[in-house]
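Understanding the architecture of this molecule
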Amino acid sequence: QEQLVESGGGLVQPGGSLRLSCAASGFTFSYYAMTWYRQAPGKERELVATISRTGYTTNYADSVKGRFTISRDNGKNTVDLQMNSLKPEDTAVYYCNARGVLPITNYRELWGQGTLVTVSS
């Protein structure tokens, strides 16, 4: 069935790095734009970074520009989020999202279960 599975979360000290990965299965990955969202305790879910289905276009929240990099491998059906210079305010559950951008997808959205990132000394 259609599935997104995140991995790579954990505890890291301020200034450190983590790489999140999202593995997709059960659908045609290259038909979907991919986005990482996050939700901190007591806050609304927010967009972190998005990448077009071809990988040519990326966009980032202002709060992570210059520190995070989103990338995808359509051959491996994965999308990664490289997070550098992490700050305590980056602490959140990070979610992988797939959004269909072609008519054949019915423009549906899929979500992963989330992976927790904690930035603390």
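Here the structure is shown first, and the text comes after it.
Because the structure is predicted, anything quoted here is derived from the model rather than measured.

Here we take up the overall build of the protein chain. Helices and strands together make up the secondary structure of the protein chain, namely 0 helices and 11 strands. Each helix and strand of the protein chain, placed in order from N terminus to C terminus, yields the pattern β-β-β-β-β-β-β-β-β-β-β. Taken over the C-alpha trace, the protein chain has a radius of gyration of 14 Å; the compact-globule value for 121 residues is 14 Å, and the two agree within 12%. If you line up the protein chain on its principal axes, its C-alpha atoms span 45 × 25 × 25 Å. Burial statistics for the protein chain: of 121 residues in total, 43% are counted as buried. For the protein chain, contacts bridging at least 24 residues in sequence account for 56% of all contacts bridging at least 6. Carbon and sulfur atoms make up 47% of the accessible area of the protein chain, which amounts to about 6,300 Å² in all. Taken together, the 12 basic and 10 acidic charged side chains of the protein chain have centroids lying 4 Å from each other.

Scanning all chains against the criterion turns up 1 disulfide. Here Cys-22 engages in a disulfide with Cys-96; their sulfurs sit 2.1 Å apart. Looking along the S-S bond of the Cys-22-Cys-96 disulfide, the torsion reads about -85°, which is the left-handed sense. A residue pair is termed long-range when its members are at least 10 positions apart, and Cys-22 in strand β3 (residues 18–25) and Cys-96 in strand β9 (residues 92–100) qualify at 74 residues. In this structure Cys-22 comes out as buried when scored by relative accessible area, which is 0%.

Looking now at the pattern of salt bridges. Two side chains with opposite charge may pair up if their charged atoms get near one another. Inspection of every chain in the model, using the stated rule, returns 6 salt bridges. A salt bridge links Asp-80 to Arg-19; its shortest N-O distance comes to 3.2 Å. A residue pair is termed long-range when its members are at least 10 positions apart, and Asp-80 in strand β8 (residues 78–83) and Arg-19 in strand β3 qualify at 61 residues. Given a relative accessible area of 42%, Arg-19 falls into the partly exposed group.

What counts, and where the lines are drawn
Residues numbered from 1 in each chain as written. Predicted model: local features only at pLDDT ≥ 70, side-chain atom pairs only at ≥ 80, totals over all residues. Heavy atoms only, no water. Helix = DSSP H or I, 4+ residues; strand = E, 2+ residues; numbered from the N terminus. Rg over C-alpha atoms; globule rule 2.2 N^0.38 Å. Buried < 20%, exposed > 50% of the residue type's maximum accessible area, 1.4 Å probe, protein only. Contact = heavy atoms within 4.5 Å. Areas by Shrake-Rupley, 256 points an atom, 1.4 Å probe, with all protein chains shown as cover. Lys, Arg positive; Asp, Glu negative; His and termini not counted. Charge placed at Lys NZ, Arg CZ, Asp CG, Glu CD. Disulfide = S-S within 2.5 Å. Salt bridge = Lys/Arg side-chain N within 4 Å of Asp/Glu carboxyl O.

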